[in-house]
Amino acid sequence: MNVNTYLASLTQYALDRGLIEPCDRTYVTNQLLQALGLDSFSPEEPAAMPLEEILKGLLDDAVERGVCGEDITSRDLLDTKLMGVLTPLPREVRKKFTELYRESPEAATDWYYRFSQDTDYIRRYRIAKDMRWKTDTEYGELDITINLSKPEKDPKAIAAAKNAPQSGYPKCQLCPENEGYAGRMNHPARQNHRIIPIRIAGADWFLQYSPYVYYNEHCIVFNSRHIPMKIDREAFAKLLDFVTAFPHYFVGSNADLPIVGGSILSHEHFQGGRYCFPMEKAPVEREITFRGYEDVKAGLVKWPMSVIRLDCADKERLIDLADKILKAWRGYSDADAFLFAETEGEPHNTITPIARRRGGDYELDLVLRNNITTEQHPLGVYHPHAELHHIKKENIGLIEVMGLAVLPSRLKGELAALEEAILSGADIAADPVLSKHAPWVAELKARHSFTAENTASILQEEVGRVFAKVLEHAGVYKRTEEGRNAFLRFVDSVNRETARP
């Protein structure tokens, strides 16, 4: 199939998805020719093929002609440029969203989510490669994913990124200046990226979707200004303001301290979407009362991490109580529970908050976090410990806190290799890649009889059980009688504070 057929197929795709109109076709074709370093076009009948195949054909031709590098980063820069040609201008996208929002918030986000996929900002074909399954645990079903949609850079791309000139524009990958940006070897292209302006707590914010979509309608809500993450009273107000505007979505924030925070602490942002996480389904196992807030339903959630759930129809009451809990936690120490608000002037306590609507009420889940480190646990006491690093070593951010594991792509190959090694009786401890799993596999062999039919499913189930332990390690109060008593001591301390005149 020649390049003209691929070009005709791409413009037909854009017409079919409503990205362009028939009168745009010649103009768009000429813009695509320029982007591809071509100066002529012979009209061909478009072929019925997926977008991934169309783009691959155009990129392969560009690589062959020396217009594009063969590495994944160079290819992504060029295909995003091509899709940017087809993507409507921001004013058109914002106008459409606003019109649909008047109909309903749900209609607006339905359209915007589909649009973000049609422009290939969300690459459907890469998301489909992610491995997903559920594991039953004492906390309910946990969601397990192995992320394969974020492409891993090859050595050439890594070297090119290292040698690329450093730039302070955009300041980070969340800044609004990313909209339409051409990208470079060390920063993704965003010509097909469109963001939606919204007002949150009286300030200018933006809404977009994550290009990697770890769950349904995975959105990012970010401040128009490049200012650091901060969990405070205003953060609670912003979260509840968002679910007022978009009641069919949840929204949460990563914590604002290293180790227990997300990967981008330099730009204030939240993550939300339309998905019911395992933590949302988890019941309150012990009701509690905060003095002066008897109208707010409160309780401790049956969850591996330490969660206080608050429900009330009046969001101002929720904000007020959440702020009191946060302030109490920021300064709270309990040596018997190995909890210290600070050591040598470094603060350790913060909260991961999640907001949602439950019927007519507002609901806040406040997850208590602490980032203290020790010689025994240099990556964090309340962080997955070393014996679990063969599965999960990275920070436990908002998404994992709620019960969805985002595991590294290496596990796909390692689990397949482990299955083969277990069935063949190979020495796993002697394998340089698999040896880190050897103690775990030895423990599994003591509990399971492996066969060709069940080995893969057992490994997946046991990965899920490891993730449950990861969350238990991240919990500041352990699920023991001693841990529950310590948790209640903190609740009592909040009540003592609220009782003060």
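Colleague: Break down helix H5 (residues 90-103) for me, citing the residues and quoting the values.
Modeller: With 14 residues, H5 should reach 20 Å at 1.5 Å per residue; the first-to-last C-alpha distance of 20 Å fits that figure. For H5, the full list of buried residues reads Val93, Phe97 and Leu100. Down the axis of H5, the buried set is contained in an arc of 70°. They therefore lie on one face. H5 presents Arg91, Lys95 and Arg102 as exposed residues on the side facing more than 90 degrees away from its buried surface. At its buried positions, H5 is contacted by helix H6 (105-118), strand E3 (196-200) and strand E4 (203-209).

Colleague: Summarise the pairing of strand E7 (residues 269-273); cite the residues concerned and give the values.
Modeller: For E7, the buried fraction is high: 5 of the 5 residues fall into the buried class. Here E7 shows a buried face lined by His269, Gln271 and Gly273 and a second buried face lined by Phe270 and Gly272. Bridge count for strand E5 (residues 219-223) against E7 is 4 bridges, and the pairing is antiparallel. Residue pairing across strands places Phe222 opposite His269, the latter belonging to E7. Pairing between strand E6 (residues 250-252) and E7: 3 bridges, direction antiparallel. Bridging across to E7, Phe250 finds its partner in Gly273.

Colleague: So what's going on with the sheet that holds E4? Which residues, and what values?
Modeller: The 10 strands lie next to each other as E3-E4-E5-E7-E6-E13-E14-E10-E9-E8, forming an open sheet whose pairing is antiparallel. Edge positions in the open sheet fall to E3 and strand E8 (284-288), since each of these has one partner strand only. Neighbour-to-neighbour, the strand axes of the sheet open up by a mean angle of 25°, direction not taken into account. Direction of pairing for E6 relative to strand E13 (residues 349-358): antiparallel, over a ladder of 2 bridges. Bridging across to E13, Val251 finds its partner in Ala355. Of the strands in this sheet, E3 and E4 are in contact with H6, which crosses E4 at around 55°. Contacts between helix H11 (residues 315-330) and the sheet are confined to strand E10 (307-312), E13 and strand E14 (361-370), with E14 contributing the most and set at about 10° to the helix.

About the criteria used
Residues numbered from 1 in each chain as written. Predicted model: local features only at pLDDT ≥ 70, side-chain atom pairs only at ≥ 80, totals over all residues. Heavy atoms only, no water. Helix = DSSP H or I, 4+ residues; strand = E, 2+ residues; numbered from the N terminus. Expected span 1.5 Å × (residues − 1). Buried < 20%, exposed > 50% of the residue type's maximum accessible area, 1.4 Å probe, protein only. Arc of directions from axis to C-beta. Contact = heavy atoms within 4.5 Å. Pairing = 2+ DSSP bridges. Axes fitted to C-alpha atoms, helices over the stretch in contact; angles between N-to-C directions.

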